[in-house]
Structures are given as C-alpha cells and as structure tokens.
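Coordinates in review
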Amino acid sequence: MTTATDFDRPATAPAFQQLSATRKLKNRLATVLVGATFVLALVPLVWLLITVISKGFEHVLNGDWWQKSLAGLTSRQFGGGVYHAILGTLLQGLICAVIAVPIAIMVAIYLVEYGKRSRLAKAVTFTVDILSGVPSIVAALFIYALWITTMGQPRSAFAVSLALVLLMIPVVVRTTEELLKIVPDELREAAYALGIPKWKTIVKIVIPTAMSGIITGISLAIARVMGETAPVLVLVGYTTFINYNPFGGSMASLPLLMTSERLTTNEVGEARVWGAAVTLILIITVFNLLGSLISKLTSLKTK
C-alpha cells in the first residue's frame, strides 16, 4: 500500500553523496604529495638561477657587454663584451625559425586535416617521433656528414641552423598538431555548410582559432634551440670578431662562447662564462615574454 511518506521520497538517489572520511584523507594526502613534489622539483631550478645570476649579473649591467666584442683581447684581459655572440645566437635562431616554422605548421595541418590515418600520415608521425628523441649531437653529425662532407659546403652558422631545424621541427609539429585537434569540428562543419573551401576554412578559421597556442609553442621551441651547444661545436668555429655572414667564416654564439671561455681555466674566462649564461637566460626570457604577449594579442576575443 502506498503511504503519504512514499510520495515525499526522491525518485532517485541524489547525484552528490557525502564524501567519506577515507576519501577526504586520500585527497588531502594526494594534494600534499603533489605540492611537495612540485616544491622539490622547483628547488634545483631556483638554486641554479640564484647561482648564475649572483655570479654573472654584474657583467650585464655594463654597457660595453652589449655593444662590444672580444676582438683584440686575450683570454686574461678583462673588458670587451659579447655582442658578437649575441648576434650569432640571434642569427642562427632566426634562420632556424624561418625554415622550421612553415614546414612544421604545414606538416601539422596535413596530419590533422588531410592525412588522418593514411599510410603517409603514419610514416610522418613515426618520423616526427624519432626526431623528437634525437640528441642534438646526432643532428649536428648528420648535417656535418650531409652538408659539409658530402656537399662540400664550409662550416658556417647556416649549417648550425640546419641542425637546429631538425631539433625544432618536431616540437612545433607536436604543439601545432595538438592545438589543431582541439579546434571544435563544429567550426569546420559550419564553414563547409556555407560552401567555403577546405583550404580557406583552415587558413581563415582553424589556424586563427589555434594561433595563440601555436605562437606560444614556437617561442618555446626557439628558446630551446638557442641554448644548444653540440651543433655549434661541430658545425662552426669560434671567433672573437663580429661576423654578419651566416654562410661563411666562423661565428660566435653564447653557448659556443661559454664552452670556449671555460677552457681558459682562469678567472677572466670564468667571469665571461657566468655573464654569458645570464645573457642567454635574459634573451630566452625576453623571447618567451614576447611570445606570451603576441599570443595574448592574437587570441580570439569573445564576450
């Protein structure tokens, strides 16, 4: 028999149930462990930054450090600057980005929009996975064997950029690919329903939607390759003079300068190493900040 109290009961059990004390304890324990792990990983990074900045920051405050080279100075003479190395780092990174970014973005567009599960797409994905795990020294030796030994080209900053391209492409491809995948299919379908060609849909709708994240990924990839040491050690010679020609002659860069000055085993060389390290950190920080700013400006504005 149905009673009045039966009508007062909910038809189904409430969706939210009171958490048990055991689940609350596990949640707090997991929160503490994750926070402790984060702090533990942050300690060496903070310690490294404090060490580098404390030993090299005084050099970057000197105007000559940014405006002069080490031309005419011996390894035991104080003075000069790292303008020649800054120029080399920026030139090599810029050439690398000009070559790698268009290729990587087009590869990512093919994998997401056209390739799908085709055999070519699987082969390209496999190749990108391999490149993602290739050490920088292997990329440098490959370019040395192909560009210098086989094709007879001289050691140069351009050869360094070619090696950096191999390291930068997989990073940009993976970032762009994942960002294109999260663009809602409804946007594509709406464009197709209006009769817009697929290529124009990609250029006008898909890429602008993901542009903010793509720019962030590019800035991170540039920051990564600018600090590589193995390619500059193998593919270009070090010089204390300024060289504006990336296709011939020796050209300094900040990683190469740090390696060369470290071999001098005196206080002058050590001071230059710390100063160059701080300079490289500042340049990479500026690139990341610019990337974040451009990413924010290019992101879609919605109400």
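The rules behind these values
Residues numbered from 1 in each chain as written. Predicted model: local features only at pLDDT ≥ 70, side-chain atom pairs only at ≥ 80, totals over all residues. Heavy atoms only, no water. Helix = DSSP H or I, 4+ residues; strand = E, 2+ residues; numbered from the N terminus. Buried < 20%, exposed > 50% of the residue type's maximum accessible area, 1.4 Å probe, protein only. Contact = heavy atoms within 4.5 Å. Axes fitted to C-alpha atoms, helices over the stretch in contact; angles between N-to-C directions. Left-handed = near helix turned anticlockwise from the far one by under 90°. Nonpolar A, V, L, I, M, F, W, Y, C, P; charged D, E, K, R; others polar. Salt bridge = Lys/Arg side-chain N within 4 Å of Asp/Glu carboxyl O. Core = buried A, V, L, I, M, F, W, Y, C linked by side-chain atoms within 4.5 Å. Expected span 1.5 Å × (residues − 1). Bend = angle between axes of the 7 residues up to and from the residue. 1 Å grid on protein atoms, 1.4 Å probe; cavity = no way out; pocket = protein on both sides within 12 Å on 5 of 7 lines; lining within 4 Å. Points joined across faces, edges and corners; volume = space filled by probe spheres on them. pLDDT = per-residue confidence, 0-100. Phe/Tyr/Trp six-rings, centres within 6.5 Å; stacked < 30°, edge-to-face > 60°. Lys NZ or Arg CZ within 6 Å of the ring centre and 35° of its normal.

1. Description of the side chain of glutamate 177
The residue glutamate 177 is located in helix α7 (residues 157-181) in this model. Judged by relative accessible area, glutamate 177 falls into the buried class, the value being 6%. Beyond its immediate sequence surroundings of up to four residues, glutamate 177 is in contact with Ala108, Leu111 and Val112.

2. Considerations on the packing of helix α4 (residues 83-115) against helix α5 (residues 119-132)
Two elements in contact, α4 and α5, have axes whose closest approach is 10 Å; the angle formed by their N-to-C orientations is 145°. Viewed along their axes, α4 and α5 form a crossing whose handedness is left-handed. Judged by residue contacts, Val107, Tyr110, Leu111 and Gly115 of α4 engage Leu120, Ala121, Val124 and Thr125 from α5. Residues of the contact of α4 with α5, tallied by class, amount to six nonpolar, two polar and no charged.

3. Some details on the pattern of salt bridges
Applying the stated criterion across every chain, the model contains nine salt bridges. Glutamate 113 is the partner of arginine 188 in a salt bridge, and the nearest nitrogen-oxygen pair spans 2.8 Å. Remark: glutamate 113 occurs in helix α4 and arginine 188 occurs in helix α8 (residues 185-193); sequence separation between them is 75 residues. On the basis of relative accessibility, which here comes to 7%, the residue arginine 188 falls in the buried class. Take glutamate 113: its relative accessible area is 3%, and that puts it in the buried class. In this structure, arginine 174 engages glutamate 177 in a salt bridge whose closest nitrogen and oxygen atoms are separated by 2.5 Å.

4. Some thoughts on the nonpolar core
Ranked by internal contacts, the top residues of the largest apolar core, which has 70 residues, are Met168, Ile218, Leu235 and Leu254. By residue number, the principal contributor to this core is α7, which donates 15 residues. Ignoring any residue separated from it by four or fewer positions in sequence, one finds methionine 168 in contact with Cys96, Ala97, Ala100, Val101, Ile218, Ala221, Ile222 and Val225.

5. Re helix α2 (residues 21-60)
The end-to-end C-alpha distance of α2 is 56 Å, a good match for the 58 Å that 40 residues give at a rise of 1.5 Å each. Bending of α2 peaks at approximately 40° at the position of serine 54. Buried within α2 are the following residues: Thr51, Val52, Gly56, His59 and Val60. Of the surrounding elements, those touching the buried residues of α2 are α3 (63-67) and α12 (267-298).

6. Points about the layout of surface pockets
Size it by volume and the largest pocket reaches roughly 250 Å³. Lining the largest pocket are 14 residues, with Leu111, Val112, Glu113, Lys116 and Lys181 positioned closest to its centre. Secondary structure elements with two or more residues in the lining of the largest pocket: α4, α5, α7 and α8. Space inside the second largest pocket adds up to approximately 160 Å³. Around the second largest pocket, the lining residues are Glu58, His59, Asn62, Asp64, Trp65, Leu70, Phe78, Gly79, Gly80, Val268, Ala271 and Arg272. At three residues, α12 tops the list of elements feeding residues into the lining of the second largest pocket. Grouping the constituent residues of the lining of the second largest pocket by class yields five nonpolar, four polar and three charged.

7. Considerations on the environment of threonine 176
For threonine 176, the position within the fold is in helix α7. What makes threonine 176 buried here is its relative accessible area of 1%. Each C-alpha atom of the pair threonine 176 and leucine 33 lies 32 Å from the other, and the pair is 143 residues apart in sequence.

8. Considerations on the confidence of the model for the protein chain
Residues of the protein chain with pLDDT of at least 70 account for 92%, and the chain-wide mean is 85. The weakest mean pLDDT in the protein chain belongs to helix α1 (residues 4-8) at 57; the strongest belongs to helix α6 (residues 136-150) at 92.

9. Observations regarding empty space enclosed by the protein
If you walk through the whole model with that rule in mind, you get one cavity of 30 Å³ or more. By volume, the largest cavity is sized at about 70 Å³. What lines the largest cavity is simply Thr89, Gln92, Gly93, Val160, Leu164, Val225, Met226, Glu228, Val232, Ser253 and Pro255. Of all elements in the fold, only α4, α7 and α9 (198-226) reach the threshold of two or more residues within the lining of the largest cavity. Among the elements that make up the lining of the largest cavity, the one with the highest residue count is α4 (three residues).

10. A closer look at the packing of aromatic side chains
Counted according to the given criterion, the structure contains two aromatic pairs. Seen in terms of ring centroids, phenylalanine 158 and phenylalanine 247 are 4.9 Å apart; in terms of plane orientation they differ by 35°. Their pairing is tilted. Linking phenylalanine 158 in helix α7 with phenylalanine 247 in the loop between α10 (230-235) and α11 (254-262), this pair joins segments that are 89 residues apart in sequence. A residue is classified by how much of its surface remains accessible, and phenylalanine 158, at 15% relative accessible area, is buried. The rings of Trp147, Phe158 and Phe247 are connected pair by pair, giving a single aromatic cluster. Its guanidinium or amino end placed over the ring of tyrosine 114, lysine 198 lies 4.6 Å from that ring's centre, counting from NZ or CZ.

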